[in-house]
Amino acid sequence: MLKLFLICFALILVAVLLMGFKVFFTKDGKFPNTHVEGNKALREKGITCVRSQDRAARKK
């Protein structure tokens with residue numbers, strides 16, 4: 001049981017390191033902005049996040 005746990009833990013660790021390679025091992029590494037307003041093409045079309053629209057509507 002312990003052997004299986006260690007194998008699973010090692011596989012998960014390798015997967016996390018590979019997915020975050022750029023973030024962990026580069027000087028200015030950072031996670032990508034996946035928010036709608038972080039997308040230049042959507043901003044040019046005027047598409048915004050529902051949460052942002054709701055926040056703006058509540059301020060009015």
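Bear in mind that the values here come from a model prediction, so they are computed numbers and not experimental data.

The rules behind these values
- Residues numbered from 1 in each chain as written.
- Predicted model: local features only at pLDDT ≥ 70, side-chain atom pairs only at ≥ 80, totals over all residues.
- Heavy atoms only, no water.
- pLDDT = per-residue confidence, 0-100.
- Helix = DSSP H or I, 4+ residues; strand = E, 2+ residues; numbered from the N terminus.
- Salt bridge = Lys/Arg side-chain N within 4 Å of Asp/Glu carboxyl O.
- Buried < 20%, exposed > 50% of the residue type's maximum accessible area, 1.4 Å probe, protein only.

Caption draft 1: Fine view of the confidence of the model for the chain. Averaged over all residues, the pLDDT of the chain is 87; the fraction at 70 or higher stands at 100%. Helix α1 (residues 2–19) holds the highest mean pLDDT among the elements of the chain, 95, whereas helix α2 (residues 21–25) holds the lowest, 81.

Caption draft 2: Structural context of the pattern of salt bridges. Using the criterion set out here, one finds one salt bridge in the structure. We note a salt bridge from aspartate 54 to arginine 58, for which the minimum N-O separation is 2.9 Å. Here the residue aspartate 54 and the residue arginine 58 both occupy positions in helix α4 (residues 50–59), the gap between them amounting to four residues, near one helical turn. Residue classification places aspartate 54 among the partly exposed positions, given a relative accessible area of 36%. On the basis of relative accessibility, which here comes to 67%, the residue arginine 58 falls in the exposed class.

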